[in-house]
Amino acid sequence: MPVQQVSNELMLSLVRAGHLATFEELPSLVAKKAEHAGLSQARIYLADHQQRVLREVTGVGADAHEGGEDLEVDRSLAGQAYVRGVPARVEDEQRYWVPILEGAERLGVLRVGWAGDPDRSPMRDLAAMVALLVIAKRSNSDAYARLIRVRPMSVSAEMQWTLMPPGTFADSRVTISAAIEPAYDNAGDAFDYALAGEVAHLAMFDAMGHDTAAGLIANLAVGAFRNERRKGTSLAGICRAVEATLVQEFVHTRFATAIMAELNMATGRLEWINCGHLPPVLIRGGRVRDMGCEPSHPLGTDLGLPVTVCGEQLQPGDRLLLYTDGIVEARDSQGREFGLERFVDFVIRHQGDSMPVPETLRRLVHAVLEYHHGRLGDDATVLFCEWHG
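Quick caveat: nothing in here was measured; it's all calculated off a predicted structure. Throughout this description, residue numbers start from 1 for each chain and increase along the sequence as written. Local features are withheld for residues below a pLDDT of 70 in this predicted model, meaning they are given only at 70 or higher, and side-chain atom pairs are given and counted only at 80 or more; totals for whole chains, interfaces and linings count all residues. Water and hydrogen atoms were dropped before computing side-chain values, which therefore reflect all heavy atoms in the structure.

Caption draft 1: Looking closely at helix 6 (residues 155–163). Partly exposed residues are those whose accessible area sits between 20% and 50% of the maximum for their type, while under 20% is buried and over 50% is exposed, using a 1.4 Å probe and protein chains only. Helix and strand labels come from DSSP, where a helix needs a run of H or I of at least four residues and a strand needs a run of E of at least two; each type is numbered from the N terminus. Turning to helix 6, its buried residues are Ser156, Ala157, Gln160 and Leu163. What you see down the axis of helix 6 is that its buried residues fit within an arc of 125°, all on one side. Within helix 6, the exposed residues directed more than 90 degrees away from the buried face are Val155 and Thr162. Between two residues, a contact is recorded if the distance between any of their heavy atoms is within 4.5 Å. Residues of helix 6 that are buried in the fold lie against strand 9 (189–196) and helix 7 (212–230). When we speak of the arc, we mean the arc of directions from the helix axis to the C-beta atoms.

Rendered as structure tokens:
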């Protein structure tokens, strides 16, 4: 049977069988259907929140991981496939590690056996189908939520992970990716993005405090931001509405700094508002371009400062970075800050090495964490957006 026909039948059978399957049932279902297509011993591994470990999905136990193995991303062939986004063959064996990708979002890897020509294998199609099934099942699965965490999570972090969109999105116009630490104790940092026609909406929030209340502020700010933009409210109007919502609920006792932005993906026109936050960074051709803009006050303080909508015409390949202070203010044992220069240089160097955007950010937040002795004193979040033109 032609390989394309095998792939088509494999995907069709998985769609039909997976319609009513639970997350825990995916390992046996995928292995069974893959076997019929000549792909033996298929096993699913998914990345944890910090993308340090690939955890096998066995479908057994409260976390669907009982009896499974953990593979370190930085010290395994499976991790190489995950990092680079291309299949890796086990030396002297007819076995492969295939990245599980949904667009640019990295979910994990698939281990399969294949005796034929790898270029004529349906393994990539199988991995793509597994990605769709995982995404379809994860939102209502506590087993999935338990699987991708390797230690207890705070209530505020629980709220933030449920709130925020997937870590990576890409199409022909933009690549958007984000990373956040500490993954299990994040309090008040939150990012958001969404596309509507030709417009990409971007936001970064840093709520006051490092407690559960900070998580509530960030959740409320993101909720108000989404509510207003979905009404078609202007950028300045969104800013005022988020401010009013926070003032109404917290009566000037709590606030959040923020950057809220809109990128016209057809023209490259970027507009943003700075609400007491660190200014965005624009990287153009390996150099940093000044993004000076008159800031308004932090959201919730109601200080009466004017709301200024700033603008910049992007060029194809421009990279925009929104970040919180935890990224640049992390300190080493000598008290020296990680700093803006080190942060930007890290991104430029890794992008110059043709590193995938999500991998650059994964390594960045790990570098920041290690710089600060493995434990941050503040949340550290970064949102990356590249306009392809």
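On we go.
Caption draft 2: Quick look at the state of the cysteines. Our working definition of a disulfide is a cysteine sulfur pair at a distance within 2.5 Å. Using the criterion set out here, one finds one disulfide in the structure. Between the sulfur atoms of Cys293 and its disulfide partner Cys310 the distance amounts to 1.4 Å. In this structure, the disulfide formed by Cys293 and Cys310 twists by about 40° around the S-S bond and is classed as right-handed. Here Cys293, found in the loop between strand 14 (287–289) and strand 15 (310–313), pairs with Cys310, found in strand 15; they are 17 residues apart in sequence, far enough to count as distant. For the pair shown, Cys293 and Cys310 are each scored as buried. Here Cys239 stays unpaired: no disulfide links it, and the sulfur of Cys275, its closest cysteine neighbor, is 3.5 Å away. For Cys275, a relative accessible area of 0% puts it in the buried group.

Shape is all these values report; function is a separate question.
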